[in-house]
Amino acid sequence: MPTQIAYRTAKGIGVVEASPVYDSLPGFLRPEGNLRCCAYSPCGRYFAWASPENVTVVDASIGHVITSLPAKNVYQLGFSPLGTYIITWQLPSKDENGDAAKNLKVWKVIEEGTNNGEDEHQVVGQFVQKSQTGWNLQYTHDERYCARVVTNEVQFYESQDLGNVWNKLRVEGVTDFAISPGKNYCIAVFIPERKGQPAAVKVFNVPNFENVVSQKSFFKGDKVQLKWNANGTSLIVLAQTDVDKSGKSYYGETTLYLMSANGGFDSRIDLDKDGPIHDVMWSPNSKEFGVVYGYMPAKTTIFNTKANATHSFALGPRNTIIFSPHGRFVIVAGFGNLAGQMDIYDMEKNYNKLCTIEASNASVCEWSPDGKHILTATTSPRLRVDNGVRIWHVGGGLMYNEDLQELYHVTWRPQPPSSHPLEDPLHPMPTAHESALSYLGRVKTPSKPAGAYRPPGARGSVTPLAFKREDEGGAAYVSNGSMSLGSHAVNGFGKPRRREVPGAEAAADNTAGGVQVAAADGDDNLSKAAAKNKKKREAKKAKDAAEKAGGLELPNGGVPIGTTPSPSRSPERRDRKGHERNRSRGAMESRPRSHQGKREPRPNERTQPHPKFQQQAQQQTAKPNGTTSRTRTTPSHTQPQPQSQAKPPPTPRTAEPPEVSITSPTTPAGPQDKKIRALLKKLRAIDDLKMRRAGGEKLEGTQIKKMETEDAIRRELEGLGWNE
């Protein structure tokens with residue numbers, strides 16, 4: 001029996017017999033026009049498609065029309081497991097009375113009896129189904145019962161009588177369910193998180209809904225995928241949240257659980273690589289399943305029914321795993337935003353890798369029922385160019401190619417694996433179709449892989465580990481953004497370097513003999529600007545300490561004799577102005593010599609003239625205009641003193657800041673000085689508010705209240721001994 005594929009494009013539907021014929025089905029008349037959907041029955045006997053006027057069902061073996069259903073504007077099609085019933089879904093609408101129309105309808109494919117006409121297409125059952133997600137009914141393997149979910153319950157029907165509810169499974173908050181495909185009647189239901197309660201998956205036997213056979217409760221479960229194995233004995237629960245609260249993933253968090261249908265086992269599957277779960281699938285033998293998980297490059301692992309890992313494949317950019325119908329081969333591939341590479345492994349020969357197939361831009365990948373061929377396709381609307389169908393052999397060779405315009409859907413015709421004995425799929429190798437040879441002839445294969453771009457300075461050298469993928473021997477990806485090599489790891493181009501800001505001054509090198517030296521006083525936690533300002537403060541404190549130690553205090557608080565400090569400037573501002581003038585050595589030397597070595601007074605600092613400077617103050621000469629000269633007379637211009645042998649006092653000079661860093665001055669500012677500075681700061685803020693109000697600006701209530709506190713602040717300053 002040859003395999004078969006069917007596809008739907010913007011212009012029509014085609015049915016092609018695959019290996020070894022690779023030709024259109026002879027008896028099939030290709031329909032054209034706006035065809036919204038098509039589907040095979042699970043048994044493979046029928047193929048149907050929907051047009052705006054009706055639904056047509058044909059015999060999949062010969063292509064002859066079997067029946068036509070008077071269902072208009074159908075958007076979804078489905079069959080029951082044995083092909084007895086066909087289900088159609090239309091867009092929600094309202095009837096003449098304004099009520100919701102019943103848009104989910106169940107029909108019999110072949111009516112019993114010989115009556116022709118309207119009785120041939122009677123609807124077996126119909127329901128209101130607003131959501132297109134999960135629209136279809138779920139049947140048991142023998143079509144005895146079917147079920148659908150409604151608010152807070154799952155309703156069961158006998159397939160012959162869809163007008164009456166046969167039984168109900170009442171579960172508060174149920175949103176999804178899955179009937180097992182095995183011979184035992186089991187159903188799994190999902191209840192999401194609500195009102196602080198965890199999400200839960202519960203398994204019941206049909207129709208004994210009083211007792212829960214197996215259940216699993218968990219948090220972080222907004223929605224799930226329920227995957228039964230072929231025998232219906234075990235269930236995989238893939239839970240997912242819409243938002244990852246930790247911020248590690250844009251697509252939410254994923255967790256995996258395994259449950260048995262009889263309640264004997266349930267567990268969370270521990271995965272040894274951080275990151276999302278990309279795909280999970282049961283093997284057809286129902287004894288093992290595969291999981292693709294972790295940040296790229298992802299890891300693929302095979303587990304048994306006890307959630308124990310039995311084999312792990314090599315790391316790589318992969319996000320899909322597909323088992324062959326016989327369970328002998330497995331595809332580990334990377335589709336979507338990945339390159340489209342498919343690795344094929346032989347499960348029966350120690351997981352030996354057979355080949356790697358390059359299927360770039362593929363959006364569909366399916367095994368053929370014979371387990372020897374793989375179908376890949378590029379479909380719209382994901383990609384509107386290079387649409388087409390390709391069939392590959394399990395050994396890696398391209399067997400068939402057909403380019404199509406606006407391909408929307410393609411699938412294999414379902415056939416039981418028993419109809420295709422596997423034997424030895426690799427010998428002999430089949431002959432490729434001429435379409436495949438033509439495609440390979442016009443596709444250019446690069447003789448040498450281009451690889452990643454390398455700048456000229458890095459060419460010819462070994463790639464640093466920090467720039468390699470994990471599967472290439474590089475460092476593992478850590479979700480917080482740091483590499484596993486450590487924060488001080490060598491990046492492959494030399495010794496570790498500190499962070500540098502372009503245009504800023506270079507920081508001092510803290511390395512001694514190739515060993516990183518820790519900065520003192522917690523400088524590692526400071527920014528570059530904060531560390532620079534800290535050094536300036538320490539240098540100023542060291543200078544002040546040196547002046548006090550050398551007795552270089554000037555009279556009148558450091559203000560040149562004969563001048564009076566400006567009353568409009570507070571001591572704090574005078575101190576800040578003096579600090580700005582003393583920032584560099586060049587600024588010091590550019591000032592008059594008589595001003596060097598002087599400093600501005602600090603707040604609340606009361607200094608008396610030193611006795612040895614009183615004599616110099618009396619020797620000052622008056623200028624012709626009546627002003628007092630600020631330059632002190634030298635000993636050669638003064639009148640002879642009684643003690644002529646004594647040397648005049650040296651001109652005080654400011655000592656250069658020492659090279660060593662002093663963390664604190666010898667005499668730190670007291671709490672009284674700090675409080676005065678805080679009060680002066682408030683006065684300056686009040687003065688600023690007065691100027692703004694005088695300029696016509698409208699002030700807020702809090703600002704006006706702040707201005708009312710001026711008198712209290714001035715009284716507090718007077719109490720501390722400060723006078724303007």
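Since the structure is predicted, the reported quantities are computational estimates derived from the model, not experimental observations.

Considerations on the state of the cysteines
This structure, assessed with the given rule, holds 0 disulfides. Here cysteine 38 is not disulfide-linked; the sulfur of cysteine 37 is the nearest cysteine sulfur, at 7.2 Å.

Side note on the sheet that holds strand β35 (residues 398-403)
Ordered by their spatial adjacency, 4 strands build an open sheet running β32-β33-β34-β35, and the pairing between neighbours is antiparallel. For this open sheet the edge positions go to β32 (364-367) and β35, each flanked by a neighbour on one side alone. Neighbour to neighbour, the strand axes of the sheet diverge by 15° on average, direction disregarded.

Brief notes about the side chain of threonine 9
Topologically, threonine 9 is positioned in strand β1 (residues 4-9). The buried category is assigned to threonine 9, whose relative accessible area is 8%. Among all residues touching threonine 9, those that are not within four sequence positions of it are Leu404, Gln405, Glu406, Leu407 and Tyr408.

Focus: helix α8 (residues 710-719)
Three or more residues of α8 are buried, namely Glu710, Ile713 and Leu717. Angular distribution of buried residues about the axis of α8 spans 65°; they occupy a single face of the element. Turned more than 90 degrees off the buried face of α8, the exposed positions are Arg715, Glu718 and Gly719. Those residues of α8 that are buried are in contact with α6 (671-694) and α7 (701-707). Positive phi appears at glycine 721, one or two residues downstream of α8, with a value of about 90°.

Section: the sheet that holds strand β15 (residues 167-170)
The strand order across the open sheet built from 4 strands is β12-β13-β14-β15, with neighbouring strands paired in antiparallel fashion. Sheet topology places β12 (138-139) and β15 at the edges, where each strand pairs with a single neighbour. Of the pairings in the sheet, the one linking strand β14 (residues 153-158) to β15 comprises 4 bridges and is antiparallel in character. Paired with glutamine 155 across the bridge in β15 is lysine 168.

Observations concerning the side chain of lysine 299
The topology assignment puts lysine 299 in strand β26 (residues 299-304). Classification of lysine 299 by relative accessible area gives buried; the value is 16%. Here the side chain of lysine 299 touches aspartate 272 through a polar contact of 2.6 Å, side chain to side chain. For lysine 299, the residues in contact, after removing those within four places along its chain, are Asp272, Lys273, Val291, Val292, Tyr293, Ser312 and Leu315.

Procedures and definitions
All residue numbers refer to positions counted from 1 along the written sequence of the respective chain. Local features are withheld for residues below a pLDDT of 70 in this predicted model, meaning they are given only at 70 or higher, and side-chain atom pairs are given and counted only at 80 or more; totals for whole chains, interfaces and linings count all residues. In computing side-chain values, all of the structure's heavy atoms are included and hydrogens and water are not. In this description, the term disulfide denotes a pair of cysteine sulfurs within 2.5 Å. Between any two strands, pairing holds if DSSP finds at least two bridges. Labels follow the DSSP assignment, with helices taken as runs of H or I lasting at least four residues and strands as runs of E lasting at least two, numbered in each case from the N terminus. The convention used is that axes are lines fitted to C-alpha atoms, helices contributing only their stretch in contact, and that angles between N-to-C directions extend from 0 to 180 degrees. Relative accessibility decides the category of a residue: with a 1.4 Å probe and only protein chains considered, values under 20% of the type maximum give buried, values over 50% give exposed, and everything between is partly exposed. Residue contacts are counted whenever heavy atoms from the two residues lie within 4.5 Å of one another. The directions from the helix axis to the C-beta atoms are what the arc is built from. Pairs of N or O atoms within 3.5 Å make up the polar contacts considered here, provided that, within protein, one atom can donate a hydrogen while the other can accept it, and that residues adjacent in sequence are counted only when both atoms are side-chain atoms.

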